[in-house]
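Take a look at the letters that make up each chain.
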Amino acid sequence: MENYADLMFTPVVAAEQEKDGTREKYAAMYPKRTQEGFSADDIAFLESRDTLFMASVSETGWPYVQHRGGPRGFLKALGPTTLGFADYRGNRQYISKGNLTADDRVSLFAIDYPRKARLKLQGHAKIIDAADDPALAEELAVEGQGRIERLIIIEVVAMDWNCPQFITPRFNTDEIAQLVAPEFEKLQARISELEAENATLRAG
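Predicted, not measured: the structure shown is a model, and the values here were computed from it.

Rules used throughout
Residues numbered from 1 in each chain as written. Predicted model: local features only at pLDDT ≥ 70, side-chain atom pairs only at ≥ 80, totals over all residues. Heavy atoms only, no water. Patch = residues over 30% accessible without salt bridge, like charges linked within 9 Å, V, L, I, M, F, W, Y side chains within 5 Å. Areas by Shrake-Rupley, 256 points an atom, 1.4 Å probe, with all protein chains shown as cover. Salt bridge = Lys/Arg side-chain N within 4 Å of Asp/Glu carboxyl O. Helix = DSSP H or I, 4+ residues; strand = E, 2+ residues; numbered from the N terminus. pLDDT = per-residue confidence, 0-100. Buried < 20%, exposed > 50% of the residue type's maximum accessible area, 1.4 Å probe, protein only. Arc of directions from axis to C-beta. Contact = heavy atoms within 4.5 Å. Pairing = 2+ DSSP bridges. Axes fitted to C-alpha atoms, helices over the stretch in contact; angles between N-to-C directions. Polar contact = N/O pair within 3.5 Å; in protein donor to acceptor, adjacent residues only side chain to side chain. Phe/Tyr/Trp six-rings, centres within 6.5 Å; stacked < 30°, edge-to-face > 60°. Lys NZ or Arg CZ within 6 Å of the ring centre and 35° of its normal. Core = buried A, V, L, I, M, F, W, Y, C linked by side-chain atoms within 4.5 Å.

Undergrad: Got a sec to walk through a nonpolar patch on the surface? Specific residues and values, please.
TA: On the surface, a nonpolar cluster with roughly 360 Å² of combined accessible area is contributed by Phe171, Ile176, Leu179 and Val180. With respect to the helices, strands and loops of the structure, Val180 is situated in helix α7 (residues 173-203).

Here is the structure:
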């Protein structure tokens, strides 16, 4: 992979950092972040996401952000620097599909809201008709999501873990269930005790 700073800190960006006094800090920090491919922790993080944001840009220069989501595991690591997910029938506007026809570059945000962690990725995306690669479609399929129309394959060229500042913790239903499970179990046990006590009193 490329160094994220080399890819994203353009001369204009570097000039802004210089004005703000952060240029030196980033120059020292980012060389240490270069890596060949995904680490085991990166893959575990990505494959446990249920939400992904993907930005593309139109041939007229307008950016577009698309949300993709599904059960945990809908996003899969297919190789050391490759991600993929199945694309199901949506509103049929085809904005991302059209944008990627003109420019295959994408930017991805994968966020863990409860832990306030965010992974930013830059890459090149291609769209494959599901009928053209049934084996890959089967690998990327998620049960209960419907008929796959397309496969989105992203070759990641740079990535960066972002700071947690300003990420508001949010929880999905499964995460909430895990959080309240211990207290719920105590409540259920107490209810059972009271029901048993009530039955004893009635019998007496």
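Moving on, there is more to tell.
Undergrad: Quick one: what's the story with the confidence of the model for the protein chain, residue by residue and with numbers?
TA: Low pLDDT means the predicted atomic positions in that stretch should not be read closely. Confidence in the prediction of the protein chain, expressed as mean pLDDT, is 91, and 100% of residues score 70 or more. Within the protein chain, strand β3 (residues 76-79) carries the highest mean pLDDT (98), whereas α7 carries the lowest (82).

Undergrad: Any chance you could break down helix α4 (residues 40-47) for me, citing the residues and the numbers?
TA: Burial in α4 covers these residues: Asp42, Phe45 and Leu46. Angular distribution of buried residues about the axis of α4 spans 95 degrees; they occupy a single face of the element. Summarising the geometry of α4, the exposed residues directed more than 90 degrees from the buried face are Ala40 and Asp41. Looking at the buried side of α4, the elements it contacts are β4 (82-88), β5 (105-112), β6 (117-129) and β7 (148-162).

Undergrad: Tell me what's going on with the sheet that holds β6, and back it up with residues and numbers.
TA: Pairing within the open sheet is antiparallel, and its seven strands lie in the order β2-β1-β5-β6-β7-β4-β3. Unpaired on one side and paired on the other, β2 (63-69) and β3 mark the two borders of the sheet. Each neighbouring strand pair of the sheet contributes to a mean axis angle of 35 degrees, computed without reference to strand direction. Here β4 runs beside β7; their pairing, made up of seven bridges, is antiparallel. Opposite Asp87, over in β7, you have Arg150 as the bridge partner. Contacting β1 (51-57), β2, β5, β6 and β7, helix α5 (residues 95-102) crosses the sheet at an angle of about 50 degrees to β1.

Undergrad: A description of the environment of Glu143 should follow, citing residues and the corresponding values.
TA: Inspection of the secondary structure assignment puts Glu143 in the loop between α6 (134-140) and β7. Judged by relative accessible area, Glu143 falls into the exposed class, the value being 79%. Sequence-wise, Glu143 and Pro71 are 72 residues apart; in three dimensions their C-alpha atoms are separated by 8.9 Å.

Undergrad: Residues and numbers for the pattern of salt bridges, please.
TA: Applying the stated criterion across every chain, the model contains 12 salt bridges. Here Asp87 ties to Arg68 by a salt bridge, and the two come within 2.7 Å at their closest N and O atoms. Taken together, the residues span a long stretch of sequence, with Asp87 in strand β4 and Arg68 in strand β2 at a distance of 19 residues. The salt bridge involving Glu149 is made with Arg150; its shortest N-O contact spans 3.0 Å.

Undergrad: Go over the side chain of Ser56, please, and point to the residues and values.
TA: By secondary structure assignment, the location of Ser56 is in strand β1. Side chain to side chain, Ser56 and Asn99 meet in a polar contact 3.0 Å long. When residues no more than four places from it in sequence are discounted, the contact partners of Ser56 are Trp62, Pro63, Tyr64, Ser96, Asn99, Leu100, Arg105 and Val106.

Undergrad: I'd like a rundown of the packing of aromatic side chains, residues and numbers included.
TA: Applying the stated criterion across every chain yields a total of six aromatic pairs. Arranged with centres 5.7 Å apart and planes meeting at 55 degrees, the rings of Phe9 and Tyr26 form a pair that is tilted. Taken together, the residues Phe9 in the loop between α1 (4-8) and α2 (11-20) and Tyr26 in helix α3 (residues 23-29) connect sequence positions 17 residues apart. An aromatic cluster is defined as three or more aromatic residues linked by ring pairs; in this entry it consists of Tyr4, Phe9, Tyr26 and Tyr30. One cation-aromatic arrangement involves Arg49 over Phe45; the distance from NZ or CZ to the ring centre is 4.6 Å. Above the face of the Tyr94 ring, Lys97 is positioned so that its terminal group lies 5.5 Å from the ring centre.

Undergrad: I'd like a description of the pairing of β7, backed by residues and values.
TA: When you tally the buried positions in β7, you get 12 out of 15 residues, the bulk of the element. Two elements, β6 and β7, share 12 bridges in a ladder whose sense is antiparallel. Its bridge partner lying in β7, Lys120 is registered against Asp160.

Undergrad: Lay out the nonpolar core in plain terms, naming residues and giving numbers.
TA: If you look at the biggest cluster of nonpolar residues, it comprises 32 residues, and the most contacted ones within it are Leu46, Leu83, Leu108, Leu121 and Ile154. Among the elements of the structure, α4, β1, β4, β5, β6, α6 and β7 are those that each provide at least two residues to this core. Tyr4, Ala5, Tyr30 and Ala158 belong to the second largest nonpolar core, which has five residues in total.

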